[in-house]
Amino acid sequence: MEPLSTFEIAGRIIYQLSPVWFSLVILYAASIGFKRRLGLYGKLFDSPIGMIGFGLVMFWVFTGIYGAMDMIITHDPLVQVSGMKNKVPGTPMNGATEADYPYYLLGGDNLARDVFSRLVKGAWEVIKIAPMAAVFAFMVGITLGLPAGYYGGRLDTTLSFAANLILAFPVILLFYLLVTPEIVATGVPNYMAIVLFIFPIIFVGVLLNSRYYTRPKVRNLVLPLVLGIIIWFYLQLVSNGGYLINTPAYSIPGLPRVMDMFDIPGGILVVFVSVVFVNSPTVFRIVRGLTLDIKTRDYVAAAQTRGEGPWYIMLWEILPNARGPLIVDFCLRIGYTTILLGTLGFFGLGLPPESPDWGSTINDGRKLLSIYLHPALPPAFALLTLVLGLNLLADGLREESLKD
Amino acid sequence: MGLFILRRSGVMLLTALCLTFIVFFLTNLYPNLEKLAKTQGNFRMSDEAVASWLDANGYGGSMVSKYGQWLGVLPGWTRETEKGFTGRCMTGAVSAEEANEAPTFCGILQGDWGYSTRFKDEVSTIIAERLGNTGRLMFWVLVLMVPSALLIGVLAGMREGSVTDRSLSTASILTTATPEYVSGVIFIAVFTSSTVGLKWFKGTATSAMDNPTFENFFLPVLTIALYGMGYIARMTRASMTEVMTAQYIRTARLKGVSFHNIVLKHALRNALIAPFTVIMLQFPWLLNGVVIVETLFNYKGFGWILVEAAGNNDIELLLAVSVVSVFVVLITQLISDIGYVYLNPRIRIS
């Protein structure tokens, strides 16, 4: 078979991605159709920059999700095919059978794996970690930042000192110290996971309690139910194979295996924990600053005069009014997390060596960069467009939220 | 002002102590020490052999006492072996008289940074040499980054919403969205590979350590500078647009001052206060960029020894690296605080 020309490659890639285009068109048609009823999200479709950014982000989200469902990929991202090493884009697959896709659309990498399939699978690696890591970082930052800003005093001094302590650490040094097999063996990441993942429980618990404590009947029904589910998830998250911490020297038993629906591989957990750990101090500082500003407003004074409790004021008066900057920062933080994940992959930390994530792929590809461009450039552009999309989205949201 | 600097220095010292203790704690966890023993001794050591190696080389004992020794507030360890006396403050095995003459304390407070197990050399000489390389890199990064970022920011913020503003803002968003390992790879691909064929620059900066030229040094400098540039430019733009809507600018305009003069004489000085702090706070990120770029371009500087030390659990080198980087970060924070107070008359006078 003849190698494909550039146009044919582009055509085939666009065809492979057709579920993504389909989903994007439906999403945009629906959103633009109902944009007046969708609040801030609807207003996003008034700003061209926001729309472009949102499009880029959703493109990668859909690609990641469909890729995880094995829909877009043409080959197994881990399988090596002999004779396909470093082959240029559009090369026909060596010894392809009827069932195989006949071409390597973006060529083969230095281990003769399909670059296109690895790119698509790499999108899923980012999509499954980055937003969740940002959510957890926000939970930690908000739960600590609100009281620090609201109460001030010694609590504020202590927490700010701790936050500055983490911020003064060069991120890469921290990663090198935390994300090594030796540290994983000591169980330090598990301890950190146990501490960091507790914050969402505190956050939701206090949020619901402060809202419903005047109506004990509702509270006694809602609070145990919600907290029960979250705590169950928490225990599933932190316990692995029946143990909270399982080192050669000692182990702490956790949730029995019967109740444990999923296990997070140690490598992913340590990456997740360290990314959350690095991000939360910045969120803390932002939330603290916003709280310091908002607590001087009249509606906070009004709530205090009404006799509302401090946590009610923090979570139901201050937090909703700080949402604008927080939503914008949330988008930027997902982008930053993506960059951090790429950095981890680039230094070969944490993620398994076969992993198709973009950072590792760039690192593998850069060694032969002066001869073969195609293994390194696609993941580089993918990462670039995703982070750019998130930045543009944040910019669009900022502009639209300022218009009120 | 004096009290402020004193208090900040106190906090800084406390931070440095806490951070070095964290690094010390993490590098001295048992699995790390075991790995160190096996790489230094041999890989087939039994558990007892590892334990005795660690004890003979001063890695035994409690975490706090080892940290105190490293700091120089506790006396260094000594052991008596068949070959003579060994200890923290002695090199190799020495006789009893020499052991008596050796200093009791030798930590960083005495200026002794320890011995690198990876490079087999004194940590202080390694750090000094590599820091010089990185210093040169950083200097050119700042020379390139700061003026261009300020120029872009001022040009964009001069007339908010204009075509210049839109295109420059988009460009700065683009650079903030491009981490060093992405832009570096793209630059190497475009400007150095034989496939594209431009071959304007060199893909490695190894030769730049002895003989930096435009050809081998520009790409690493550009790669680091670009990532930081966008952020500073956006901050400058925000501060510039804010100043341009201020009352005194309107007054100047109504008086008939030319646009040129308004920007240069009235707006610029007030608009540059905020970017100053931002540039100073950008240093921790530059440090990250340095590590990535030095790995990417094979330039053996400070970032490169960080990677080497961390990869080989070279405890004393790693501690020295973290001391240096933490001090760089904290001192720039201090300068940014002092500079902010000094530049902003409203704070200075009150």
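Please refer to the structure higher up on the page.
Below you will find a few notes about this structure. Everything quoted here is computed from the prediction, not taken from an experiment.

Points about the overall build of chain A
And step 1. Per the secondary structure count, chain A includes 17 helices and four strands.
And step 2. On C-alpha atoms alone, chain A measures out to a radius of gyration of 24 Å, which is about the 22 Å that the 2.2 N^0.38 rule sets for 404 residues.
And step 3. On the principal axes, the C-alpha backbone points of chain A span a range of 80 × 60 × 40 Å.
And step 4. For chain A, the residues scored as buried account for 55% of the 404 residues in total.

Overview of the overall build of chain B
And step 1. When helices and strands are tallied, chain B shows 16 helices and four strands.
And step 2. For 350 residues, the compact-globule estimate of 2.2 N^0.38 gives 20 Å, and chain B exceeds it by more than 25% at 26 Å.
And step 3. C-alpha extents for chain B along the principal axes are approximately 90 × 60 × 30 Å.
And step 4. Buried positions account for 49% of the 350 residues belonging to chain B.
And step 5. At a minimum sequence separation of 6, the contacts of chain B that also span at least 24 residues come to 66%.
And step 6. As presented, chain B carries roughly 16,800 Å² of accessible surface, and 63% of it is formed by carbon and sulfur atoms.
And step 7. Charge separation in chain B, taken as the distance between the mean sites of 27 positive and 24 negative side-chain charges, equals 19 Å.

Looking at the layout of surface pockets
Residues and elements named next belong to chain B.
And step 1. Computed from the structure, the second largest pocket encloses a volume of approximately 950 Å³.
And step 2. Residue lining of the second largest pocket: 33 residues in total, with N57, Y59, W77, G87 and Y115 positioned closest to the centre.
And step 3. At the level of elements, α3 (47-56), α4 (63-71), β2 (84-87) and α15 (315-343) are the ones that each hand at least two residues to the lining of the second largest pocket.
And step 4. With three residues, α4 is the largest single contributor of residues to the lining of the second largest pocket.
And step 5. A class-by-class count of the residues in the lining of the second largest pocket yields twelve nonpolar, 13 polar and eight charged.

Digging into empty space enclosed by the protein
And step 1. By the definition in use, this model includes six cavities of 30 Å³ or more.
And step 2. As for the largest cavity, its lining consists of 14 residues, and the residues nearest its centre are A:I339, A:T343, B:E180, B:Y227 and B:N288.
And step 3. Broken down by secondary-structure element, the contributors of at least two residues to the lining of the largest cavity are α7 (171-178) and α15 (323-346) of chain A together with α8 (180-192) and α13 (283-296) of chain B.
And step 4. Of the residues belonging to the lining of the largest cavity, the class tally is ten nonpolar, three polar and one charged.
And step 5. Estimates place the volume of the second largest cavity at around 90 Å³.

Notes on the side chain of A:K121
All names here are of chain A.
And step 1. With respect to the helices and strands, K121 occurs in helix α5 (residues 115-151).
And step 2. Reaching out from K121, the side chain makes a polar contact with the side chain of D70 at a distance of 3.1 Å.
And step 3. Not counting residues within four places of it along the chain, the set of residues in contact with K121 comprises G67, A68, D70, I73, P77 and P356.

Comments concerning the interface of chain A and chain B
And step 1. Contacts between chain A and chain B engage 42 residues on the former and 49 residues on the latter.
And step 2. Linking chain A to chain B there are two salt bridges.
And step 3. A:D395 serves as the salt-bridge partner of B:R234, at 2.7 Å between the closest nitrogen and oxygen.
And step 4. Across the contact surface, chain A and chain B share four residue pairs in polar contact (both at pLDDT 80 or more).
And step 5. Breaking the side of chain A that touches chain B down by element, the ones donating at least two residues are α6 (153-167), α7, α8 (181-186), α15, α16 (358-366) and α17 (377-402) of chain A.
And step 6. Counting residues per element, the side of chain A that touches chain B draws most heavily on α17(A), which supplies twelve residues.

A closer look at the nonpolar core
And step 1. The biggest cluster of nonpolar side chains holds 209 residues, and the ones touching the most others in it are A:F175, A:F197, A:F347, A:W358 and B:I127.
And step 2. With 18 residues, α5(A) is the single largest residue contributor to this core.
And step 3. The contacts of A:F175, once residues within four sequence positions are left out, are A:S274, A:V275, A:V278, A:L340, A:L344 and A:L349.
And step 4. Of all hydrophobic cores here, the second largest spans twelve residues; its members include B:M158, B:V243, B:M244 and B:L268.

What to know about the pairing of β2(B)
Residue and element names in this part refer to chain B.
And step 1. One ladder, built from four bridges, connects strand β1 (residues 78-81) with β2; its direction is antiparallel. Across the sheet, residue T78 finds its bridge partner in β2, namely G87.
And step 2. In this structure, the hairpin formed by β1 and β2 is closed by a connection of two residues.

Things to note about the pattern of salt bridges
Residues and elements named next belong to chain A.
And step 1. Scanning the entire structure with this criterion turns up 20 salt bridges over all chains.
And step 2. D293 is the salt-bridge partner of R297, the closest N and O atoms lying 3.4 Å from each other.
And step 3. Owing to a relative accessible area of 40%, D293 belongs among the partly exposed residues under this scheme.

A few points about the environment of A:D114
All names here are of chain A.
And step 1. Within the secondary structure, D114 is located in the loop between β2 (103-104) and α5.
And step 2. Sequence spacing of D114 and E98 is 16 residues, and the spatial spacing of their C-alpha atoms is 17 Å.
And step 3. Residues within four places of D114 in sequence aside, it is in contact with T74, H75, Y104, L105, L106 and G107.
And step 4. Here H75 takes part through its side chain, which lies 3.4 Å from a polar atom of the side chain of D114.

Focus on the packing of helix α12 (residues 273-281) of chain B against α13(B)
Residue and element names in this part refer to chain B.
And step 1. At a closest axis distance of 5 Å, the pairing of α12 and α13 adopts a crossing angle of 40°. As far as their axial angle goes, α13 and α12 are oblique. Each of I279, M280 and L281 in α12 lies in contact with α13, whose residues at this interface are F283, P284 and W285.
And step 2. The residue makeup of the contact of α12 with α13, split by class, is six nonpolar, no polar and no charged.

What counts, and at which threshold
Residues numbered from 1 in each chain as written. Chains lettered and ligands numbered in written order. Predicted model: local features only at pLDDT ≥ 70, side-chain atom pairs only at ≥ 80, totals over all residues. Heavy atoms only, no water. Helix = DSSP H or I, 4+ residues; strand = E, 2+ residues; numbered from the N terminus. Rg over C-alpha atoms; globule rule 2.2 N^0.38 Å. Buried < 20%, exposed > 50% of the residue type's maximum accessible area, 1.4 Å probe, protein only. Contact = heavy atoms within 4.5 Å. Areas by Shrake-Rupley, 256 points an atom, 1.4 Å probe, with all protein chains shown as cover. Lys, Arg positive; Asp, Glu negative; His and termini not counted. Charge placed at Lys NZ, Arg CZ, Asp CG, Glu CD. 1 Å grid on protein atoms, 1.4 Å probe; cavity = no way out; pocket = protein on both sides within 12 Å on 5 of 7 lines; lining within 4 Å. Points joined across faces, edges and corners; volume = space filled by probe spheres on them. Nonpolar A, V, L, I, M, F, W, Y, C, P; charged D, E, K, R; others polar. Polar contact = N/O pair within 3.5 Å; in protein donor to acceptor, adjacent residues only side chain to side chain. Salt bridge = Lys/Arg side-chain N within 4 Å of Asp/Glu carboxyl O. Core = buried A, V, L, I, M, F, W, Y, C linked by side-chain atoms within 4.5 Å. Pairing = 2+ DSSP bridges. Axes fitted to C-alpha atoms, helices over the stretch in contact; angles between N-to-C directions. Parallel < 35°, antiparallel > 145°, perpendicular 65-115°, else oblique.

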